[in-house]
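Observations on the three-dimensional arrangement
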Amino acid sequence: MIISNGLVYGQDYTFGKADIAFEGSTITQIAPPGSLLGDGVDADGAYVLPGFVDIHTHGCMNSDFCDADPSGLEKMLSCYGKSGVTSVVPATMAYGEEVLTGIVKAALPYIDKYGFGAALRGINMEGPFLNVEKRGAQNAENIIAPDIGIFDRLYALSGGSIRLLDIAPETPGAMELIRHASRKCAVSIAHTSANYNTAIIAFDAGASHVTHLFNAMPPFYHREPGVIGAAADLAAYVEIISDGVHLHPSVVRASFKLFGVSRICLVSDSMRGAGMPNGEYDLGGQPVILKDGRANLKHGGAIAGSAMNLADCCRSAVDFGIPLEDAIRASSTNPAKAVGLDSKVGSLEVGKNADILIWNNDLSARAVFSGGERL
């Protein structure tokens, strides 16, 4: 299969005219425009991008990863894939070990499998090792102190597919788990009241990531910069939800300036109401009201994830003033690197998976290929 005459997003994070060939699920050639012959798609000057990689999403189309329901998971993967998000690392919520065990078991048959839309690339274990004071939409009843035994059992059950573990570093036992788990997966500071010094110790212990920057953490203050200041100094990657609800557009622009494009991961944090009409849904067992693109807990009003997929978050970032090339990097290459998937996905390179998105010049989707299959 040939995709010809496109503006291909290259390894230097710029666009250049080129043709791409792939066989089966693998990219086999990237060549000058017009030089590859064969059946395929004429991109005719459209943008040719790596499929997007969402490392923090809970669900869409009235399905949630934590439902542990194969039919719902397949519905989610189809929805993600058609939007241009070809790889996902869906997130758990704060639940007990028994429920988390069921979630992992339900995910196992889908990990790294094509044929459903997006490919499920691993698991983001967002709960339960969080700080109840910064729980956001997490269920306080299920939040517990960090526990190495629970993590190890779930990690073993997943076959090493837990890609990201979220921890509030100020909680008892957190530093021990950070040192332990960071040898197996990326560790993210999340749902935390940690001050700057505690966050610095956590990064020194092995944390490398920050979950939904600015949300569920102390604010950035000039005499106590908190997690945000520590992340600016030491984090490898931080997540930004550019849905226009979680962060003001000015904060999105400021984050790219403070951290630099190489450290920003755009994520959706989408919940089951994404792609659905206004109404009542749930997240982590708690009722959520979705109204006009905004999801809030019915009781307490906390923001409860987003109603937007990652492709739309990328478009929103561009609307907010982020250069297109930077928004694409933050939606593909960076998240793939953050959780160790960059040998397979996140960029258009010979030998990598044929996860390819074609966008028209107005950023509308023209075609999506997942593992070489057109969706």
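I will try to describe carefully the structure that is included in this document.

What counts, and where the lines are drawn
Residues numbered from 1 in each chain as written. Predicted model: local features only at pLDDT ≥ 70, side-chain atom pairs only at ≥ 80, totals over all residues. Heavy atoms only, no water. Pairing = 2+ DSSP bridges. Helix = DSSP H or I, 4+ residues; strand = E, 2+ residues; numbered from the N terminus. Axes fitted to C-alpha atoms, helices over the stretch in contact; angles between N-to-C directions. Buried < 20%, exposed > 50% of the residue type's maximum accessible area, 1.4 Å probe, protein only. Arc of directions from axis to C-beta. Contact = heavy atoms within 4.5 Å. Disulfide = S-S within 2.5 Å.

Details of the sheet that holds strand β18 (residues 286-291)
Reading across the sheet, the four strands line up as β17-β18-β19-β20 and stay open at both edges, with antiparallel pairing between neighbours. Two strands lie at the open edges of the sheet, namely β17 (279-283) and β20 (303-306), each paired on one side alone. Across the sheet, the axes of successive neighbouring strands diverge by a mean angle of 35°, strand direction being ignored. The pairing of β17 with β18 spans five bridges and is antiparallel.

Quick word on helix α7 (residues 249-259)
When we look at burial in α7, the residues that qualify are Val252, Ser255, Phe256 and Phe259. One side of α7 holds all its buried residues, which, seen down the axis, span an arc of 95°. Those residues of α7 hidden inside the fold are in contact with α6 (226-234), β15 (237-240), β16 (264-266) and α9 (324-331). Within two residues after α7, Gly260 carries a phi angle of roughly 80°, on the positive side.

A word on the sheet that holds strand β10 (residues 119-120)
One open sheet accounts for three strands, arranged β6-β9-β10; its pairing is parallel. Each having just a single partner strand, β6 (52-54) and β10 make up the two edges of the open sheet. One ladder, built from three bridges, connects β6 with strand β9 (residues 85-88); its direction is parallel. Within β9, the position partnered with Val53 by the bridge is Ser87. Strand contacts of helix α1 (residues 70-83): β9 and β10, with the helix running at about 135° to β9, the strand carrying the most contacts.

Regarding the state of the cysteines
The tally for this structure, following the rule as stated, stands at zero disulfides. Considering cysteine sulfurs only, Cys60 is the nearest to Cys66, which forms no disulfide, with 14 Å between them. Note on Cys265: no disulfide assigned, nearest cysteine sulfur contributed by Cys314 at a separation of 13 Å. Exposure remark for Cys265: the relative accessible area of 0% places this residue in the buried category.

By themselves, these observations are geometric and do not establish any function.
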